[in-house]
Amino acid sequence: MTSAPHAETASEATMRIESIAAGGDGVARHEGLVVFVPRSAPGDLARVRYELHGRLARGEIVELLEPGPGRIDPPCPHYRDDRCGGCQLQHLDEEHQRAAKRRIVSDALERIGRRRVDLPPVRASARAWRYRRKLTLALRRDAGSRWIAGLHPYDDPARVFDVHDCPITDEAVLRVWDDVRRHAELLPRALSLRGSVRVAEVMDAGDVGAVASAANAIDASHGATPTNAPAASLVLEGGERWPESERFFAALPKLSALWWAPEGKRRRLLHARGDAPPGASFAQVNPEVAAAVRRHVIEILAAHAPATVVDAYAGLGDLASELAAGGATVTSIEADADAARWSASRLTPPSRSIAGRVENHLAHVLPADAVVLNPPRAGVDAAVTRALQHAPRAPRVVVYVSCNPATLARDLARMPRYRIASVSAFDMFPQTAHVETVCALVPEEGAS
């Protein structure tokens, strides 16, 4: 809903919230109008002020008359007081969050994908809080030229409020951000920046040795990160010059790697202690649930005993290397050249890593017994679904891992050749409206 609100349509009415929509807003219906109400819960009876946006409406709760059965007091002050847009569902208990996500997935598959499925309950995360191993913050200068590192209100994306604690984020990540703040005078001179801090356990010696040849840009002169400490990396975006980058890195001993993407240019590694993977963009936000998703994908693939697998949107090659170790010949495809090189260092022939866009390469690496798709939120390019739909020999199984039910459903609608053999959802992102879905697709009867 991007059209400007019409002041003459601003109204108030008492409404009952029916469900949670993709994105986390509650949905109410009033006199034939669909009204989206942030921070509302199914079952809420509320007085809502709303404005028309085309054929839909967006509202806010003026008075909560009767809370829904899953409503709780959100514990985070930023969520309550700053209208933080990082989370959308802190006002729901965990059971009702997962129920809402289950419905979001089912509705998308049915309405957009035209696929009716019996979706089992969303699998819970072991931790509902402090699970995030990566946090991206916007950096802005306030009126006194002091740096603020924070997030945006959900209803004012131009504003940034300072964040010193985020209760869904691992405290080790927040400690790195504290260090960034303390040395912010060494950041590039710019009005605004963007930073992502990732904290992950250091890889064991075997993994480090295997990837050392891929990290040819590493400057190890600062010494190695202690093997019993988390490996932290910062990716900074913005600015045109950074003459103080070395001083900044030296002042942050918790960092194992510092990456920088100058304004309009490609990200590059500036400084590192020891060997470093290609930046924070491939970090698993919730590593425990990510591991469960990977195990589930491997179980699906094992049931089809593939000798050849295409791992599309392969990232750093975690799945590809595990499949190759199990005896499959794997072709991994990843658009990020640094990540593709890292993945290549973990594979031995005949397995291989291709640096490039999946839509440019998939048709040329088929046929394969199995294909794994794990795209970003935008889903896959139409050329990808076209290649799978019209491949001379259909894969025995296509496993689609999605963080966006709407684009998953859209992409499934483009591939009528395949039916859904199974679908599972994982609560990768508690307190938010995001959900991870794993869909196993097999050719329809008679499809070659």
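Residues numbered from 1 in each chain as written. Predicted model: local features only at pLDDT ≥ 70, side-chain atom pairs only at ≥ 80, totals over all residues. Heavy atoms only, no water.

Moving on, we come to the pairing of strand β13 (residues 308–312). Counting buried positions along β13 gives four out of five residues, so the element sits mostly inside the fold. Crossover β13 to strand β14 (residues 329–334) through helix α7 (residues 318–325) is right-handed. Bridge count for β13 against strand β16 (residues 370–373) is four bridges, and the pairing is parallel. Pairing of V309 across the sheet is with A370, part of β16. (Buried < 20%, exposed > 50% of the residue type's maximum accessible area, 1.4 Å probe, protein only. Helix = DSSP H or I, 4+ residues; strand = E, 2+ residues; numbered from the N terminus. Right-handed = clockwise from strand over helix to strand, strands pointing away. Pairing = 2+ DSSP bridges.)

Looking now at the packing of aromatic side chains. Under the counting rule described, the total for this entry stands at two aromatic pairs. With a centroid separation of 5.5 Å and 55 degrees between ring planes, the pair formed by W242 and F248 is classed as tilted. Each member of the pair, W242 as well as F248, is classed as buried. Ring plane angle 75 degrees and centroid distance 5.7 Å describe the contact between W242 and W260, whose orientation is recorded as edge-to-face. Remark: W260 occurs in strand β11 (residues 255–261) and W242 occurs in the loop between β10 (231–237) and α5 (245–251); sequence separation between them is 18 residues. Pair check on accessibility: W242 and W260 agree, each one buried. Pairwise contacts between aromatic rings join W242, F248 and W260 into one cluster. Its end group placed over the ring of Y79, R39 keeps NZ or CZ at 3.8 Å from the ring centre. The ring of F249 carries the charged tip of R273 above its face, separated from the ring centre by 4.0 Å. (Phe/Tyr/Trp six-rings, centres within 6.5 Å; stacked < 30°, edge-to-face > 60°. Lys NZ or Arg CZ within 6 Å of the ring centre and 35° of its normal.)

By volume, the second largest pocket amounts to about 510 Å³. Around the second largest pocket sit 22 residues that line it, and A21, A22, V27, F36 and R111 are the ones nearest its centre. Those elements giving two or more residues to the lining of the second largest pocket turn out to be β1 (11–20), β2 (26–30), β3 (33–37), α2 (94–111) and α11 (405–413). Counting residues per element, the lining of the second largest pocket draws most heavily on α2, at five residues. (1 Å grid on protein atoms, 1.4 Å probe; cavity = no way out; pocket = protein on both sides within 12 Å on 5 of 7 lines; lining within 4 Å. Points joined across faces, edges and corners; volume = space filled by probe spheres on them.)

Moving on, we get to the sheet that holds strand β4 (residues 45–53). In space, the five strands of this closed barrel follow the order β1-β2-β3-β5-β4, with mixed pairing throughout. Strand-to-strand twist of the sheet, defined as the mean angle between neighbouring strand axes without regard to direction, takes the value 50 degrees. Direction of pairing for β1 relative to β4: antiparallel, over a ladder of six bridges. Bridging across to β4, R16 finds its partner in L45. (Axes fitted to C-alpha atoms, helices over the stretch in contact; angles between N-to-C directions.)

In short, shape yes, function no, at least from these values alone.
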